[in-house]
Structures are given as structure tokens and as C-alpha cells.
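Listed below, chain by chain, are the residues.
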Amino acid sequence: MSRVESALKSARETKALIIDENSSEKAHALFKEQFPNKPAIIVSDATTFGVLGESITKQFESNGIVQLAPFIYQDPEIYAAYEYVQKLVGALSLHDAIPVAVGSGTINDLTKLAAHLTNRQYMCVATAASMDGYTAFGASITANGAKQTFNCPAPQLCIADIKVLSQAPNKMTAAGYADLFAKITAGADWILADALGIEPIDTTAWSIVQDGLHEALSDPEGIKNGDVNAINKLTEGLMLGGFAMQWSKSSRPASGAEHQFSHLWNMEHHLNNGETVSHGFQVSIGTLAITALYDLVLNTDFGQLDIDAALKQWPTLKQLQSESLQLFKDTDFPEIGLQETTAKYTDHQQLAKQLQILKDNWPKIKADLAKQIVPFEEAKSRLGKVGAPTEPEQIGICRKQLKDTFISAQYIRRRFTVLDLGVRTGYLNQWLNQLFGKGGIWEI
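Now for a look at the structure at hand. (Residues numbered from 1 in each chain as written. Predicted model: local features only at pLDDT ≥ 70, side-chain atom pairs only at ≥ 80, totals over all residues. Heavy atoms only, no water.)

Examining the pairing of strand β7 (residues 146–150)
Link 1 in the chain: Relative to β7, strand β6 (residues 139–143) runs antiparallel, the two sharing 5 bridges. Counted as the bridge partner of Ala143 is Ala146 from β7.
Link 2 in the chain: Once β6 ends, the chain turns through 2 residues before running back antiparallel as β7, passing Asn144 with a positive phi of about 55°. (Pairing = 2+ DSSP bridges. Helix = DSSP H or I, 4+ residues; strand = E, 2+ residues; numbered from the N terminus.)

Now the structure itself:
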């Protein structure tokens with residue numbers, strides 16, 4: 001049994017996943033099998049309708065599947081925003097057709113949430129190996145100024161035609177590789193949270209994501225060149241990440257501090273030369289930033305941690321809430337820091353226990369982290385080979401903004417990550433001075 005077949009048994013919502021060359025040619029048969037006697041409606045944007053949506057529309061028509069007129073987003077700047085969800089909800093509310101999302105991350109997330117809000121399942125046909133959200137529980141949507149994950153089921157049926165995916169623009173495939181690479185630092189964050197008794201590792205979810213991760217990332221040059229075998233492994237890795245999120249009903253198996261960088265930049269409406277930066281390219285820089293931080297973590301002897309000093313610098317909840325409100329007071333998400341830091345706050349007594357665990361068990365924790373983390377220079381080399389950005393300036397982030405992101409990002413999610421380790425031990429500022437000071441990786 002393949003890893004995908006095994007993981008499919010753990011999936012809570014997806015009943016069928018087909019990853020193969022020319023698998024889109026079977027879309028009509030698979031639709032009939034999963035949604036017998038149901039009408040369909042193709043959902044795409046102008047580009048993806050031309051890539052695959054039109055041919056699937058004709059395929060459904062010639063095989064007797066009743067269809068409504070395709071719903072095609074015409075906005076060339078479409079992104080995963082709630083206003084676009086509402087437009088699709090308005091259309092779906094007029095009938096009971098099954099949406100067939102033909103596209104990549106944005107189209108999938110918009111359709112996923114709109115289908116959920118109109119009480120129906122949906123089908124997804126991927127057009128690029130650009131992210132891990134195809135088979136994931138939840139949709140990442142910008143609403144009220146903040147990037148939020150809305151709870152909603154994954155597709156009942158997902159098709160990934162490797163021939164189509166291997167011909168996708170390189171920047172989209174590189175973005176997918178970066179999103180998969182992020183599972184390395186996300187895994188390290190989960191190791192920390194588990195070791196300190198904050199959030200235990202779910203062994204099923206961990207296995208689904210991590211067991212074949214390094215193999216899936218082993219051929220960045222092949223992926224860049226559209227090698228079918230390399231694209232197949234990448235696609236499997238991305239789909240498995242989604243299955244792990246289905247199983248756990250959380251993005252924890254696939255998302256850590258590196259994703260908080262991306263979410264924060266989205267919330268800040270960051271643009272590069274007037275254009276939105278893809279999720280995967282944001283995550284590429286976020287992953288390298290967190291990898292660099294982990295290199296410093298591994299060179300820190302927490303066996304000598306001064307727990308009293310760490311406790312002395314730790315704020316009260318009231319102080320932290322005040323800091324949170326001050327940090328985001330001039331944004332359009334002024335209370336997210338208050339909300340998220342309050343949710344994950346630990347008092348001095350609890351913190352003392354966590355720090356003692358860290359100090360007493362540092363050799364094992366360090367060994368587990370070292371086994372998980374790919375060193376910074378190797379990570380940078382692999383991401384560069386696939387065509388992903390490796391310097392913050394490539395996505396329009398100056399070094400000062402990157403440094404500020406290390407501080408602000410840990411305020412916007414309640415998830416415990418290496419950023420929280422830095423804050424709770426009192427080491428974060430020291431590490432940032434090493435990264436951005438004289439001789440550092442990103443010397444300012």
C-alpha cells in the first residue's frame with residue numbers, strides 16, 4: 001500500500017485522490033462515482049479555465065453530466081479574500097450543483113469555504129503543485145483585515161494530473177516546493193511544543209507528513225525542470241500534508257512560525273513592485289528565517305539556562321496585553337495580538353515548569369531538533385535551485401522589516417513555536433542581534 005493510499009484511510013473528508021499522468025481525463029467518471037446523479041458547476045479563474053476548466057466542461061457535457069454555466073472569476077488580481085467567497089456563495093445558493101474547483105490555491109480555498117457555507121461537498125482538480133491546501137481541512141482566507149483559517153471540509157474528490165502540473169509555470173511549482181519545505185521547520189516547532197508539554201505530537205499526523213518528507217524534497221532541480229517523477233513526489237508530499245490536517249483538524253502538522261511570517265505580511269497588505277507575493281514565496285523566506293533561528297537555538301546551551309532571569313523578564317498577562325495592543329494599534333487588525341497572546345499566555349508558575357523541562361532535557365531535545373532541521377546553507381541552496389526566493393529583498397521585504405517580523409509574528413497566532421521559545425527564555429533579542437548585527441546573515 002502506498003503512503004497516499006494509507007493516508008487516505010486517515011482522511012476524514014476526502015474519499016478519493018488520484019495523482020497520475022492524464023488523470024484529468026477521468027474526471028467525468030470520478031465525478032459520477034462520487035456524486036451520482038448530481039449536477040456540476042466548474043469554478044475557475046480566466047487562466048485556469050483555459051488551462052483545464054474548459055476541457056473538463058466539455059468532458060462532462062459529452063458524458064452526460066448536467067452542468068450549470070461555469071463560474072469564472074474575471075478579476076486578474078483575485079486572491080483568497082472573503083469578498084470573493086461571498087460572490088461564489090451567492091451563485092451556489094441558487095442551486096444544488098456540486099462545485100468543481102479547477103485551479104490552484106486561491107480557487108481551491110474560495111470554493112472550499114463557499115461549498116461549506118452552502119452545505120455541500122465539492123471536487124477539486126489541481127492545476128499546479130503550488131501549495132498543500134488542496135486536501136487540507138480549512139481554508140486560509142483574508143477577512144476583516146486578517147488572514148484567518150476558516151473551518152471547512154476538504155474536497156470529497158481531488159485529482160492531480162501530473163502532466164498538467166509538470167507544465168505549470170515554474171514559479172508556482174517552486175512555491176509548492178517551498179510550502180513543502182516549510183514542514184521541516186513546522187515539525188521542529190511541534191517537537192518543541194511536545195517536549196515542553198504544551199502540545200503533544202499526534203503520531204498519525206506526524207507520520208503522514210514527515211515520513212517521506214525528505215525524499216519528496218530531494219530533487220529540487222528535477223522539480224524546476226518539470227521532471228514527471230520529481231513533480232509526482234512533490235505533489236504526493238503536498239497532498240499528504242493536507243491529509244494530516246484533515247486528520248488532526250488543525251494546520252499544526254504543516255504550519256509553524258514560518259507560516260506566521262507569511263500570514264503577517266498578508267495582513268499588512270505587503271506587495272512587491274505593486275504585486276501580491278505568492279504564499280509559497282513568502283513561506284520560502286519565512287522558512288529560511290526560522291531555519292537561521294534554529295541554527296542559533298542548536299548552538300545555545302539551555303542546560304545552563306538561568307531560569308530566574310527568564311522569569312524576571314517575563315511580563316504579566318496585563319503587561320503583555322498592553323504590549324499587544326500597542327504593537328498593532330495603527331493596523332486594521334488592532335486586537336489580534338491581544339486575542340492570540342491571551343490565548344497562549346502562560347503564567348510565571350507554568351513558565352518555570354516549562355523552562356525546567358527545557359533545561360533538564362536539553363540534550364535529547366537538541367538531538368531531536370538537529371535530526372529534524374536542514375541547516376541554513378543547505379536549505380538556502382535547495383530553495384534557490386528550485387527557483388524560490390532566498391533573500392528577503394526578492395519579495396520586497398527589507399532587512400529591518402524582516403527583523404521586525406520575528407518580533408511581531410509570534411503575537412498573531414496562539415500556536416507555540418520557536419519564536420515563543422525565544423521570548424520565554426529571554427534569548428530572542430540576542431539571536432536577532434546575531435542575525436542582523438555585524439557579520440550576521442542579514443546584517444543591517
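Points about helix α8 (residues 203–210)
Link 1 in the chain: Taken as a whole, α8 has its buried residues at Ala205, Trp206, Ile208, Val209 and Gln210.
Link 2 in the chain: Its buried side turned inward, α8 meets α1 (3–10), α7 (170–195), α9 (213–216), α11 (228–248) and α18 (362–372).
Link 3 in the chain: Capping of α8 at its N-terminal end is provided by Asp202; its side-chain oxygen lies 3.0 Å from the backbone amide nitrogen of Thr204. (Buried < 20%, exposed > 50% of the residue type's maximum accessible area, 1.4 Å probe, protein only. Contact = heavy atoms within 4.5 Å. Polar contact = N/O pair within 3.5 Å; in protein donor to acceptor, adjacent residues only side chain to side chain.)

Observations regarding the packing of helix α20 (residues 399–408) against helix α22 (residues 428–436)
Link 1 in the chain: One can describe the packing of α20 onto α22 by two numbers: an axis separation of 11 Å at closest approach and a directional angle of 160°. Classified by the angle between their axes, α20 and α22 sit roughly antiparallel to one another. Of the two possible hands of crossing, α20 and α22 adopt the one that is right-handed. Note on element contacts: α22 touches α20 through Leu428, Leu432, Asn433, Leu435 and Phe436, opposite Arg399, Leu402, Lys403, Phe406 and Ile407.
Link 2 in the chain: Of the residues in the contact of α20 with α22, the class split is 7 nonpolar, 1 polar and 2 charged. (Axes fitted to C-alpha atoms, helices over the stretch in contact; angles between N-to-C directions. Parallel < 35°, antiparallel > 145°, perpendicular 65-115°, else oblique. Left-handed = near helix turned anticlockwise from the far one by under 90°. Nonpolar A, V, L, I, M, F, W, Y, C, P; charged D, E, K, R; others polar.)

Quick notes on the packing of helix α13 (residues 279–298) against α18
Link 1 in the chain: With their axes 10 Å apart at the nearest point, α13 and α18 run at an angle of 150° to one another. For the crossing formed where α13 meets α18, the hand is left-handed. From α13, Tyr294, Val297 and Leu298 reach across to α18, where they touch Trp362, Lys366, Leu369 and Ala370.
Link 2 in the chain: Each residue belonging to the contact of α13 with α18 can be placed in one class, and the counts come to 6 nonpolar, no polar and 1 charged.

Overview of the packing of aromatic side chains
Each aromatic ring pair is specified by the distance between its two centres and by the angle formed by the two planes.
Link 1 in the chain: All told, the structure shown has 20 aromatic pairs when counted by the stated rule.
Link 2 in the chain: Considering the side-chain rings of Trp314 and Tyr345, the 5.7 Å spacing of their centres and the 10° angle between planes classify their relative orientation as stacked. One end of the pair, Trp314, is in the loop between α14 (307–313) and α15 (317–327); the other, Tyr345, is in the loop between α16 (336–344) and α17 (348–360), with 31 residues separating them in the sequence.
Link 3 in the chain: With a centroid separation of 5.4 Å and 50° between ring planes, the pair formed by Phe328 and Phe333 is classed as tilted. (Phe/Tyr/Trp six-rings, centres within 6.5 Å; stacked < 30°, edge-to-face > 60°.)

Overview of the sheet that holds strand β8 (residues 157–161)
Link 1 in the chain: If you walk across this open sheet you meet the 6 strands as β1-β8-β5-β4-β2-β3, and the pairing is parallel. Each of the sheet's edge strands pairs with one partner strand only, and the pair in question is β1 (16–20) and β3 (71–73). For this sheet, the mean angle separating the axes of adjacent strands, direction not counted, is 15°.
Link 2 in the chain: Here strand β2 (residues 40–45) runs beside strand β4 (residues 98–103); their pairing, made up of 4 bridges, is parallel. Bridge assignment links Val43 to a residue of β4, and that residue is Ala101.
Link 3 in the chain: Here helix α5 (residues 105–117) sits on the sheet and contacts β2, β3, β4 and β5 (123–126); the angle it forms with β4, its principal contact strand, is near 165°.

Brief notes about the environment of Leu8
Link 1 in the chain: Relative to the helices and strands, Leu8 resides in helix α1.
Link 2 in the chain: A relative accessible area of 22% places Leu8 in the partly exposed class.
Link 3 in the chain: Remark: the alpha-carbon pair of Leu8 and Met239, spanning 231 residues in sequence, is separated by 9.8 Å.
Link 4 in the chain: If sequence neighbours within four positions are ignored, Leu8 has contacts with Thr14, Lys15, Ala16, Leu17 and Phe243.

Let's talk about unusual backbone geometry
Link 1 in the chain: In the Ramachandran plot, Asn22 falls in the positive-phi region, its phi being about 65° despite a non-glycine side chain.
Link 2 in the chain: Inspection of the secondary structure assignment puts Asn22 in the loop between β1 and α2 (27–34).
Link 3 in the chain: By relative accessible area, which is 29% here, Asn22 ends up partly exposed.
Link 4 in the chain: Residues other than glycine seldom take positive phi values, yet Asn119 does so here, at roughly 60°.
Link 5 in the chain: Relative to the assigned elements, Asn119 resides in the loop between α5 and β5.
Link 6 in the chain: Of the residues examined, Asn119 reaches a relative accessible area of 73% and is grouped as exposed.

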